[in-house]
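# Working through the structure, step by step
So the chains spell out like this:
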Amino acid sequence: QVQLVESGGGLVQAGGSLRLSCAASGSIFRSNTIGWYRQAPGKQRELVATITVGGSTFYVDSVKGRFTISRDNTNNTVYLQMNSLKPEDTAVYYCNTRLLQAFGSWGQGTQVTVSS
């Protein structure tokens with residue numbers, strides 16, 4: 001059952017920007033911290049950023065200062081604004097909640113490819 005849907009990925013040159021979107025159901029959006037994760041080829045999925053219901057944010061060091069996570073309460077969407085993209089940012093990006101992650105429930109993700 002689809003709970004969250006990612007979109008906005010694409011191909012961009014190093015130094016460019018992309019804005020990812022995560023559309024969630026209202027109940028999911030109102031009740032859960034939502035995180036962005038990414039998985040590069042040959043690597044484990046890793047947490048990138050999170051945003052709480054109250055709007056508190058967290059970023060891993062590798063994206064701090066370049067990525068911004070935000071939420072739009074009018075349309076139940078979480079965004080990830082990615083600036084100054086690097087080739088090492090290339091990955092499939094997913095959004096998820098802590099509970100769905102624990103159950104192993106993931107969407108299709110959205111591919112981000114950064115060329116050097």
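Shown above is the structure to which this text applies.
Below, the structure is looked at part by part. (Residues numbered from 1 in each chain as written. Predicted model: local features only at pLDDT ≥ 70, side-chain atom pairs only at ≥ 80, totals over all residues. Heavy atoms only, no water.)

## Quick word on the pattern of salt bridges
If the charged atoms of two oppositely charged side chains come close together, the side chains can form a pair. Where we set the bar: Criterion for a salt bridge: a side-chain nitrogen of Lys or Arg within 4 Å of a carboxyl oxygen of Asp or Glu. Strands here mean DSSP runs of E at least two residues long; helices mean DSSP runs of H or I at least four residues long; both are numbered from the N terminus. Remark: exposure states derive from per-residue accessible area (1.4 Å probe, protein chains only) relative to the maximum for the residue type, with buried under 20%, exposed over 50%, and partly exposed in between.
Enumeration according to the criterion identifies four salt bridges in this entry. Salt-bridge contacts for Glu46 lead to Arg38; the nearest nitrogen and oxygen are separated by 2.8 Å. Taking the shortest distance from any N to any O, the salt bridge between Arg66 and Asp89 comes out at 2.8 Å. Pair noted here: Arg66 is in the loop between β6 (57-59) and β7 (67-72) and Asp89 is in the loop between β8 (77-82) and β9 (91-97), with a separation of 23 residues, a long-range link. Judged on exposure class, the residue Arg66 and its partner Asp89 are both buried. The structure contains a network of salt bridges with shared partners spanning Arg38, Glu46, Arg66 and Asp89.

## Considering the packing of aromatic side chains
Formally: Pairing of aromatic side chains requires ring centres within 6.5 Å, counting the rings of Phe and Tyr and the six-membered ring of Trp. Pairs whose planes differ by under 30 degrees are stacked, by over 60 edge-to-face, and all others tilted. Think of it as a cone above the ring: NZ of Lys or CZ of Arg counts as a charge over the ring if it is within 6 Å of the ring centre and within 35 degrees of the ring normal.
The final tally for this structure, using the stated rule, is two aromatic pairs. Seen in terms of ring centroids, Tyr37 and Trp106 are 5.1 Å apart; in terms of plane orientation they differ by 85°. Their pairing is edge-to-face. Of this pair, Tyr37 sits in strand β4 (residues 34-39) while Trp106 is found in the loop between α2 (98-102) and β10 (110-115), placing the two residues 69 residues apart along the sequence. For Trp106, a relative accessible area of 25% gives the class partly exposed. Measuring from centroid to centroid gives 5.7 Å for Tyr94 and Trp106, while their planes differ by 70°, and the two rings are edge-to-face. One end of the pair, Tyr94, is in strand β9; the other, Trp106, is in the loop between α2 and β10, with 12 residues separating them in the sequence. Using a relative accessible area of 10% as the deciding quantity, one classes Tyr94 as buried. Above the ring of Tyr94, the side-chain terminus of Arg45 is found at 4.4 Å from the ring centroid.

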